[in-house]
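# Structural characterization, general
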Amino acid sequence: MAEIDEQELLRARLEQLKTEHGDLDRAIDALIETGNYNSLQLQRLKKRKLILKDQIYATQNMLLPDIIA
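Here's a quick rundown of the structure. (Residues numbered from 1 in each chain as written. Predicted model: local features only at pLDDT ≥ 70, side-chain atom pairs only at ≥ 80, totals over all residues. Heavy atoms only, no water.)

The end-to-end C-alpha distance of helix α2 (residues 39–63), which contains 25 residues, comes to 36 Å, matching closely the 36 Å that a straight helix rising 1.5 Å per residue would cover. Burial in α2 covers these residues: L42, L52, I56, T59 and L63. On its buried side, α2 packs onto α1 (2–34). (Helix = DSSP H or I, 4+ residues; strand = E, 2+ residues; numbered from the N terminus. Expected span 1.5 Å × (residues − 1). Buried < 20%, exposed > 50% of the residue type's maximum accessible area, 1.4 Å probe, protein only. Contact = heavy atoms within 4.5 Å.)

The following block contains the structure:
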C-alpha cells in the first residue's frame, strides 16, 4: 500500500514539474519576443528550465519499475 502512495506522490510531483517547465518555457519565449530583458535574466531562466528538465527525467526514472535482465 505504501508503494502505491509513493507512486501517486511521484506522479503528482512529475505533473507539477512539467507544469512549471512549460510555464518557464512560455515566459522565456515572451521575454525574447518583447526584447525587454537582459542576458543574465535570460540565462537564469534557461538554467532553471534545465534543472527542471533534469528533475523531470529523474522522477520519470523513479516511476519506472526495475527490470532485471
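Packing of α1 against α2 leaves a shortest axis separation of 9 Å and a crossing angle of 155°. One element, α1, and the other, α2, form an angle in the roughly antiparallel class. Taken as a pair, α1 and α2 cross one another with a handedness that is left-handed. Looking at the contact of α1 with α2, its residues break down into 13 nonpolar, 6 polar and 9 charged. (Axes fitted to C-alpha atoms, helices over the stretch in contact; angles between N-to-C directions. Parallel < 35°, antiparallel > 145°, perpendicular 65-115°, else oblique. Left-handed = near helix turned anticlockwise from the far one by under 90°. Nonpolar A, V, L, I, M, F, W, Y, C, P; charged D, E, K, R; others polar.)

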